[in-house]
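Notes for the structure review
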Amino acid sequence: MRINNFICILLVLVLCGCQSSPVTEYQAPVYQSFLPTNWPTDEQAPEEHTEADLFALSDAQKQHFLAYFHAPENAKHQPHWRLANFLENKLGNFDYRGNTYTAQQAMASNSGNCLSLALITGALAKVAGLKIEFQQVDAAPVYRLETDLLILSRHVRSKVYDPDFVPEKQMIYLSKPAVLIDYLPRSGDRYGKRVTEQDVIAMYYQNLAADALIENDLIKAHGLIRLALAQNELNPSSLATLAVIYARGGHQQQAEQVYLYAMERDVTSLELLDNYRQLLIKQGRNKEAAQVAKKLDNTQDNNPYRWLKLAEQSFAEGNFESSVSYYRKAENIAPYLEEVHLGFAKAYFKLGKIEAATKALEKAIELSYRAKEKRLYEAKLATLRAIHSEMESDAN
């Protein structure tokens, strides 16, 4: 009864608001920047890439799945669980490697990465007529250093919903029944925002573009990232990759144009802004780089690992105060991560704050569950305590 009253009051307020609000004509924002998508030189014509149907399966693969899905012995399981059970049986020996494959390729080779598994799950859901959603997972990232490129692997999982679910009247549900399909889930994973099918397709082409970048095939990388941008022209990861491609080709002006295009439209990410900051530093434009660094500090990002990456980078550059600031942002999101407190200890030690470094290392030891790392931290802690004791003796 209280719920009904609340709804009525809310409706009245909304209606009153509509009656009293003046009608104003929408004014579209006027942008000064544009997105450069053509390769700047005539050295080599861009390769043509066609968008594959990433969720398509072969007829044989569909028939194999449907035979299992409709088998009488499996009818006792709900449809979404039948899909999950099929995947568990099919992918028992799945080779989890870094390759990015389409659904058909991944099923045929029984291998791929988390994105390949998401594509398989999406493909099977389409065949069975089941509703599926994708979700970003903020997990400890996997880094690969390829020449002067730092490749960051992202993680996505799938959620397949129960098609037979009928909500009861006057019941509030936080979420509908579903089965989660995840790629090697870990206890420290944090679940982020929902991503659309277009986002998943964009991730596929982002991955292939990154592979082409590693091979230094800039023309191929450029063509692939344009396919990612065709899904969403304001995707921060796609824009950051496009800018890197231009920069590596020596086209600094086009790279900066991409960054300006993104910033003018309030499309920001830690990677995009930090890449722009580094470009400005290389050009000796330190004042502008400092302004971008301020934007970095004010960026909202709930993934602690991205702040950890920035903190480690600042530490490597000798910017220990900035490093502490970024570690603090990671701590505010995930205070249970031992990497955060270990980072504090390193940065405080470099700043000469031995007592703070000692406390941070004690916290890292408290949170560590791996015996080898714990012994290493304890050895470092003993050294720090000795230094701190010596400093106190000198002060007296």
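Computed from a predicted structure; not experimentally measured.

Conventions adopted
- Residues numbered from 1 in each chain as written.
- Predicted model: local features only at pLDDT ≥ 70, side-chain atom pairs only at ≥ 80, totals over all residues.
- Heavy atoms only, no water.
- Helix = DSSP H or I, 4+ residues; strand = E, 2+ residues; numbered from the N terminus.
- Contact = heavy atoms within 4.5 Å.
- Expected span 1.5 Å × (residues − 1).
- Buried < 20%, exposed > 50% of the residue type's maximum accessible area, 1.4 Å probe, protein only.
- Arc of directions from axis to C-beta.
- Phe/Tyr/Trp six-rings, centres within 6.5 Å; stacked < 30°, edge-to-face > 60°.
- Lys NZ or Arg CZ within 6 Å of the ring centre and 35° of its normal.
- Salt bridge = Lys/Arg side-chain N within 4 Å of Asp/Glu carboxyl O.
- Axes fitted to C-alpha atoms, helices over the stretch in contact; angles between N-to-C directions.
- Parallel < 35°, antiparallel > 145°, perpendicular 65-115°, else oblique.
- Left-handed = near helix turned anticlockwise from the far one by under 90°.
- Nonpolar A, V, L, I, M, F, W, Y, C, P; charged D, E, K, R; others polar.
- 1 Å grid on protein atoms, 1.4 Å probe; cavity = no way out; pocket = protein on both sides within 12 Å on 5 of 7 lines; lining within 4 Å.
- Points joined across faces, edges and corners; volume = space filled by probe spheres on them.
- Core = buried A, V, L, I, M, F, W, Y, C linked by side-chain atoms within 4.5 Å.
- Polar contact = N/O pair within 3.5 Å; in protein donor to acceptor, adjacent residues only side chain to side chain.

What follows concerns the environment of phenylalanine 34. Relative to the helices and strands, phenylalanine 34 resides in the loop between helix H1 (2-20) and helix H2 (59-69). For the pair phenylalanine 34 and alanine 262, spaced 228 residues apart in the sequence, the C-alpha separation amounts to 9.3 Å. When near neighbours in sequence (up to four residues on either side) are disregarded, phenylalanine 34 contacts Gln257 and Tyr261.

What follows deals with helix H15 (residues 354-367). Between its first and last C-alpha, H15 extends 20 Å over 14 residues, near the 20 Å set by a 1.5 Å rise per residue. Residues of H15 that are buried include every one of Ile354, Ala357, Thr358, Ala360, Leu361, Ala364 and Ile365, and no others. The buried residues of H15 occupy one face: seen down the axis, they fall within an arc of 165°. The exposed residues of H15 that point more than 90 degrees off its buried face are Lys359 and Glu366.

Turning our attention to the packing of aromatic side chains. Two aromatic rings are characterised by how far apart their centres lie and by the angle between their planes. For the structure on display, the rule yields 11 aromatic pairs. Here a set of aromatic residues connected by ring pairs shows up, and it is made of Phe65, Tyr68, Phe69 and Phe86. The ring of phenylalanine 55 has lysine 126 lying over it, and the distance from NZ or CZ to the ring centre is 5.2 Å. The cationic tip of lysine 131 hangs over the ring face of tyrosine 161; the distance from NZ or CZ to the ring centre is 5.0 Å.

This paragraph deals with H2. Residues of H2 that are buried include every one of Gln61, Phe65 and Phe69, and no others. Along H2, the residues classed as buried sweep out an arc of 70° about the axis, all on the same side. Residues Asp59, Ala60, Gln63 and Ala67 are exposed on H2 and point more than 90 degrees away from its buried face. Where the residues of H2 are buried, they touch helix H3 (79-90), helix H4 (103-109) and helix H5 (114-128).

Attention now goes to unusual backbone geometry. In this structure, asparagine 216 is a non-glycine residue whose phi angle is positive, near 60°. By secondary structure assignment, the location of asparagine 216 is in the loop between helix H6 (197-214) and helix H7 (218-231). Backbone geometry at aspartate 266 places phi at a positive 60°, although glycine is not the residue there. For aspartate 266, the location among the structural elements is in the loop between helix H9 (252-264) and helix H10 (270-282).

A few words now on the pattern of salt bridges. According to the stated counting rule, one finds 12 salt bridges in the structure shown. Ionic pairing is found between arginine 306 and glutamate 271, a salt bridge with its closest N-O pair at 3.3 Å. Of this pair, arginine 306 sits in helix H12 (residues 304-316) while glutamate 271 sits in helix H10, placing them 35 residues apart in sequence. The salt bridge partner of lysine 346 is glutamate 312, with a shortest N-O separation of 3.1 Å.

All right, on to the packing of H12 against helix H13 (residues 320-333) then. At a minimum axis separation of 8 Å, H12 and H13 run at an interaxial angle of 165°. Taken together, the axes of H12 and H13 lie roughly antiparallel to each other. H12 and H13 meet at a crossing whose hand is left-handed. Facing H12, whose interface residues are Pro304, Trp307, Leu308, Leu310, Ala311, Glu312, Ser314 and Phe315, H13 presents Phe320, Ser322, Ser323, Tyr326, Tyr327, Lys329, Ala330 and Ile333. Split by residue class, the contact of H12 with H13 holds 11 nonpolar, three polar and two charged.

The next thing to look at is empty space enclosed by the protein. Enumeration according to the criterion identifies one cavity of 30 Å³ or more in this entry. Lining the largest cavity, in full, are Leu270, Glu271, Asp274, Arg306, Lys309 and Leu310. Of all elements in the fold, only H10 and H12 reach the threshold of two or more residues within the lining of the largest cavity. Class assignment for the residues of the lining of the largest cavity results in two nonpolar, no polar and four charged.

Of all hydrophobic cores here, the largest spans 95 residues; its most connected members are Phe55, Leu83, Ile120, Leu124, Tyr205 and Leu239. Filtering out sequence-adjacent residues up to four positions away, phenylalanine 55 remains in contact with Ala103, Ala118, Leu119, Gly122, Ala123, Lys126, Phe134, Glu197, Val200 and Ile201.

Moving on, we get to the packing of H6 against H7. Axes are the key here: two packed helices are described by the angle between their axes and the distance separating the axes. Viewed as axis vectors pointing N to C, H6 and H7 meet at an angle of 170°, and their least axial separation amounts to 8 Å. Taken together, H6 and H7 sit at an angle that is classed as roughly antiparallel. For the pair H6 and H7, the contacting residues are Gln198, Ile201, Ala202, Tyr205, Gln206, Leu208, Ala209, Ala212 and Leu213 in the first and Leu218, Lys220, Ala221, Leu224, Ile225, Leu227, Ala228 and Gln231 in the second. Residues that form the contact of H6 with H7 fall into these classes: 13 nonpolar, three polar and one charged.

Here we take up the side chain of serine 111. Along the polypeptide, serine 111 turns up in strand S2 (residues 111-112). Its relative accessible area of 4% is what places serine 111 among the buried residues. Side-chain polar atoms of serine 111 contact the side chain of serine 109, separated by 2.9 Å. If we skip the residues at most four places from it in the chain, serine 111 touches Phe94, Asp95, Arg97, Tyr101 and Ala106.

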